[in-house]
Amino acid sequence: MSTQQHNNADTKELDNFNRLSHKWWDEDGEFGALHKINPLRLQYMQQHQCLTGRSILDIGCGGGILSESMAQLQANVTGIDLAEQVLQVAKLHALDAQIKVDYQLIAAEEYATLNPETHDIVTCMEMLEHVPNPQAIISAAAHAVKPGGLVFFSTLNRNLKSQLLAVYAAENLLNLVPKGTHDPDKFIKPSEMAAMARQAGLELIDSVGVEFNPLLQRYALNKDLSINYIMAFRKPEA
């Protein structure tokens with residue numbers, strides 16, 4: 001399915017990521033921040049459930065940083081995305097690293113329709129702020145996870161602080177992410193995330209903030225959700 005055929009994809013966003021696809025695995029490049037926060041994501045998820053042996057769907061997998069790391073923990077990972085060139089980078093990197101991930105060029109909504117209640121865990125990290133209709137993605141994640149399964153979302157809070165630090169400082173001063181990566185109007189407040197997940201039938205079980213220390217160039221988890229945050233949800237048992 002072409003990205004143009006799906007109305008919950010921003011072509012400009014996809015083009016931007018495709019343009020930078022060759023830099024996805026450069027840990028000192030434009031996507032270095034994703035490499036640095038990835039261990040924190042894994043740590044947080046494993047606090048809630050061991051990933052080994054689990055069937056996991058990674059929505060908006062990009063170049064495969066999270067997908068590969070979960071596969072290295074012996075999880076059975078499916079990574080889906082609509083940025084074709086980025087997905088090709090993910091496939092080639094996994095092949096080179098001899099890591100098995102099932103990468104598919106498919107929209108989350110379509111995948112969930114074809115694979116309902118298939119996965120133990122669904123992740124969607126740093127993607128919801130890049131789509132026109134985040135509710136549709138959240139609902140797709142809820143549809144794809146098994147009853148009793150977990151869903152993890154991460155995104156950016158919408159406020160002046162996050163706009164200054166996550167957009168202006170990160171893109172223009174510190175060069176942590178490529179310029180033009182974020183539109184602060186698409187950021188999502190935690191209360192909005194919780195409400196959309198609740199509408200999709202998910203129950204909030206925990207949340208955590210991601211803190212960045214620009215002097216030490218280090219990231220850490222804390223309880224401050226004012227900038228970048230992760231939320232964990234559970235789908236009730238049938």
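Residues numbered from 1 in each chain as written. Predicted model: local features only at pLDDT ≥ 70, side-chain atom pairs only at ≥ 80, totals over all residues. Heavy atoms only, no water.

Colleague: Hey, could you run me through the overall build of the protein chain in this one?
Modeller: In terms of helices and strands, the protein chain carries eight helices and eight strands. Within the protein chain, the fraction of its 238 residues that count as buried is 55%. Taking the intrachain contacts of the protein chain between residues at least 6 apart in sequence as the baseline, contacts between residues at least 24 apart amount to 71%. By element, 50% of the accessible surface of the protein chain is carried by carbon and sulfur atoms, the whole surface being about 11000 Å². (Helix = DSSP H or I, 4+ residues; strand = E, 2+ residues; numbered from the N terminus. Buried < 20%, exposed > 50% of the residue type's maximum accessible area, 1.4 Å probe, protein only. Contact = heavy atoms within 4.5 Å. Areas by Shrake-Rupley, 256 points an atom, 1.4 Å probe, with all protein chains shown as cover.)

Colleague: It is not clear to me how the nonpolar core should be interpreted in this structure. Could you clarify?
Modeller: A general tendency of soluble globular proteins is for nonpolar side chains to be buried together. Core analysis: the largest hydrophobic core is formed by 30 residues, its most contacted members being Ile59, Phe153 and Met193. The element that contributes the greatest number of residues to this core is helix H6 (residues 134-144), accounting for six residues. In contact with phenylalanine 153, not counting residues within four places along its chain, are Cys124, Met125, Leu128, Ile138, Ala141, Met193, Leu202, Tyr229, Ile230, Met231 and Phe233. (Core = buried A, V, L, I, M, F, W, Y, C linked by side-chain atoms within 4.5 Å.)

Colleague: How should the pairing of strand S5 (residues 145-156) be read in this particular structure?
Modeller: Most of S5 is tucked away: nine of the twelve residues are buried. Both strand S4 (residues 119-125) and S5 contribute to a ladder of six bridges, which runs parallel. The partner of cysteine 124 across the bridge, within S5, is phenylalanine 153. This β-α-β element, S4 to H6 to S5, shows right-handed connectivity. In this structure, S5 lies alongside strand S8 (residues 228-234), joined through seven bridges in antiparallel fashion. (Pairing = 2+ DSSP bridges. Right-handed = clockwise from strand over helix to strand, strands pointing away.)

Colleague: Got a minute to help me understand the pairing of strand S2 (residues 76-81) in this structure?
Modeller: Working note: regular strand, side chains alternate between the two faces of the sheet. By the criterion of burial, S2 is predominantly enclosed, with five of the six residues buried. Looking at chain direction, strand S1 (residues 55-59) and S2 are connected through five bridges and run parallel. Following the sheet pairing, serine 55 is matched in S2 by asparagine 76. Assessed by its sense of winding, the connection that carries the chain from S1 through helix H3 (residues 65-72) to S2 is right-handed. Bridge count between S2 and strand S3 (residues 102-105): four bridges; the pairing is parallel. Within S3, the position partnered with threonine 78 by the bridge is aspartate 102.

Colleague: Explain the side chain of glutamate 129 here, please?
Modeller: Of note, glutamate 129 is situated in the loop between S4 and H6. Buried charged residue glutamate 129 carries no salt bridge. Nearest counter-charge: arginine 41, at 7.6 Å. A polar atom in the side chain of glutamate 129 sits 2.8 Å from the side chain of threonine 155. (Lys, Arg positive; Asp, Glu negative; His and termini not counted. Salt bridge = Lys/Arg side-chain N within 4 Å of Asp/Glu carboxyl O. Polar contact = N/O pair within 3.5 Å; in protein donor to acceptor, adjacent residues only side chain to side chain.)

Colleague: Help me understand the packing of helix H2 (residues 32-48) against H3 in this model?
Modeller: Helix-helix packing: each pair is described by the crossing angle between the helix axes and the interaxial distance. Put simply, H2 and H3 touch, their axes get as near as 10 Å, and they point 45 degrees apart. One element, H2, and the other, H3, form an angle in the oblique class. At the point where H2 passes H3, the crossing takes the right-handed sense. Contacts between H2 and H3 involve Leu34, His35, Asn38, Arg41, Leu42 and Met45 from the first element and Ile65, Leu66, Ser69 and Met70 from the second. Looking at the contact of H2 with H3 residue by residue, the classes come out as six nonpolar, three polar and one charged. (Axes fitted to C-alpha atoms, helices over the stretch in contact; angles between N-to-C directions. Parallel < 35°, antiparallel > 145°, perpendicular 65-115°, else oblique. Left-handed = near helix turned anticlockwise from the far one by under 90°. Nonpolar A, V, L, I, M, F, W, Y, C, P; charged D, E, K, R; others polar.)

These results come straight from atomic positions and should not be treated as a statement about function.
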